[in-house]
Amino acid sequence: MLTSKQKELLLYIHERIKETGVSPSFDEMKEALDLASKSGIHRLITALEERGFLRRLPHRARALEVLKLPDAVTPSAPPRGRGAFRPSVVQPHEAQAANAAHDIPILGRIAAGAPIEALQNEIGRVAAPPEMVASGDHFALEVRGDSMIQAGILEGDVVVLRRGDTANNGDIVVALIDGEEATLKRLRRRGNSIALEAANPAYETRIFGPDRVRIQGRLVGLVRKYA
C-alpha cells in the first residue's frame, strides 16, 4: 500500500517520462508535490524503490524507471501538483483532420535557449484543434533551442500561445525582456522580481525587475512535426 504522496510522486514521474522521455529533476518533483525540501523527495523515492515501484538506473544522472503502477491506477491517470506543464502535443495531420480546425498564424521563431527575435511578421500557418484554442486570440511560434526540453518542448516544435499580458505563477510564457529580447520560459514571481526559468539544467534562471519583463502570451499547446 502506498501513501498518497508516494502515489502522487510515482504518477508524476511516470507521466513526465512518458511525455518527455526523461525523468523530472528533484526540484521539479519537490515543486509538483509542494514539498518544502528535496529531502522529502529522496525519502519518497527510496520508499518506492523498496516497494518495487521505481528503480534508479546506474551511472546516469536523474535516471528513474517506473517498474509498475498501483493496481487501482491506470497508466494514463494524471498526477496532481502545481507547476507541471504537460503540453498538448498534436501532429499536423491530426490537427488538420480535426473538425473545424483553427488556422493559427506562425509569427516567427522563439528562443528556448539563446535569445532571438520573436513576434516577427507571419512566416506560415498551423492548424490547431478547436479544443486547444477554445477562446481568446492565439498565435504560434517555431521553437529554436533546447532550454525547455524537460517540459516536453523540443527544437522545431510549433508552440501555440494565447495572446495576453498576464499569466499565473508557473505558467510557460513568451516574455519580452527590455522590449527587444523574447524568450520562452516558465514564469516565477519572487517578491518584487520576475524569474524566467528554463526546463534544462544547462541553462540558468534569469531574474529581472518587473518593469523589464512584458508577457506576450501564455502557452496552451504545441504542434510537432515528424520527419
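Everything here concerns the structure above.
Computed from a predicted model, the values in this text were never measured in an experiment.

Trainee: Quick question: what am I supposed to make of the side chain of E28 here?
Mentor: With respect to the secondary-structure elements, E28 resides in helix α2 (residues 26-32). By relative accessible area, E28 is classed as buried at 18%. From its side chain, E28 meets the backbone nitrogen of S25 in a polar contact 2.8 Å long.

Trainee: Please explain the nonpolar core as it appears in this structure.
Mentor: Among soluble globular proteins, nonpolar side chains are generally buried collectively. The biggest cluster of nonpolar side chains holds 19 residues, and the ones touching the most others in it are I110, L141, M148, I153, V159, L161 and L184. Taken together, the elements giving at least two residues each to this core come down to β4 (102-111), β6 (138-144), β7 (158-163), β8 (172-177), β9 (181-190) and β12 (213-223). Setting aside residues no more than four positions away along its own chain, M148 makes contact with A112, I153, I172, L184, K185, R186, E197, A198 and A199. By size, the runner-up hydrophobic cluster in this structure holds 18 residues, among which are I13, I45, L48 and L64.

Trainee: Would you explain the pattern of salt bridges in this entry?
Mentor: For side chains of opposite charge, pairing can occur when their charged atoms come near one another. Under the criterion given, the structure shown has 14 salt bridges. E65 is the partner of R55 in a salt bridge, and the nearest nitrogen-oxygen pair spans 2.3 Å. Taken together, the positions of R55 in strand β1 (residues 54-56) and E65 in strand β2 (residues 64-66) put the pair 10 residues apart, joining distant regions of the chain. According to the relative accessible area criterion, R55 is partly exposed, its value standing at 42%. Taking the shortest distance from any N to any O, the salt bridge between E142 and R144 comes out at 2.4 Å. Taken together, the salt bridges that share partners define one network made up of E31, R188, R190 and E197.

Trainee: Help me understand helix α3 (residues 38-50), please; the structure alone is not making it clear to me.
Mentor: Along an α-helix, a turn takes 3.6 residues, which lines up residues three or four apart on a common side. The end-to-end C-alpha distance of α3 is 19 Å, a good match for the 18 Å that 13 residues give at a rise of 1.5 Å each. Every buried residue of α3 is listed here: G40, I41, L44, I45, A47 and L48. For α3, the angular spread of buried residues about the axis comes to 160 degrees, placing them on one side. Exposed side of α3, more than 90 degrees from the buried face: R43 and E50 are the residues found there. Of the residues one or two after α3, G52 is the one with positive phi, at around 80 degrees.

Trainee: How do you make sense of unusual backbone geometry when you look at a structure like this?
Mentor: The phi dihedral of D34 is positive, around 60 degrees, even though this residue is not glycine. Structurally, D34 is set in the loop between α2 and α3. We classify D34 as exposed; its relative accessible area is 52%. Of note, D178 is a non-glycine position whose phi angle comes to about 55 degrees, a positive value. One can find D178 in the loop between β8 and β9. What makes D178 partly exposed here is its relative accessible area of 42%.

Here is what the cut-offs are and how they apply
- Residues numbered from 1 in each chain as written.
- Predicted model: local features only at pLDDT ≥ 70, side-chain atom pairs only at ≥ 80, totals over all residues.
- Heavy atoms only, no water.
- Helix = DSSP H or I, 4+ residues; strand = E, 2+ residues; numbered from the N terminus.
- Buried < 20%, exposed > 50% of the residue type's maximum accessible area, 1.4 Å probe, protein only.
- Polar contact = N/O pair within 3.5 Å; in protein donor to acceptor, adjacent residues only side chain to side chain.
- Core = buried A, V, L, I, M, F, W, Y, C linked by side-chain atoms within 4.5 Å.
- Contact = heavy atoms within 4.5 Å.
- Salt bridge = Lys/Arg side-chain N within 4 Å of Asp/Glu carboxyl O.
- Expected span 1.5 Å × (residues − 1).
- Arc of directions from axis to C-beta.

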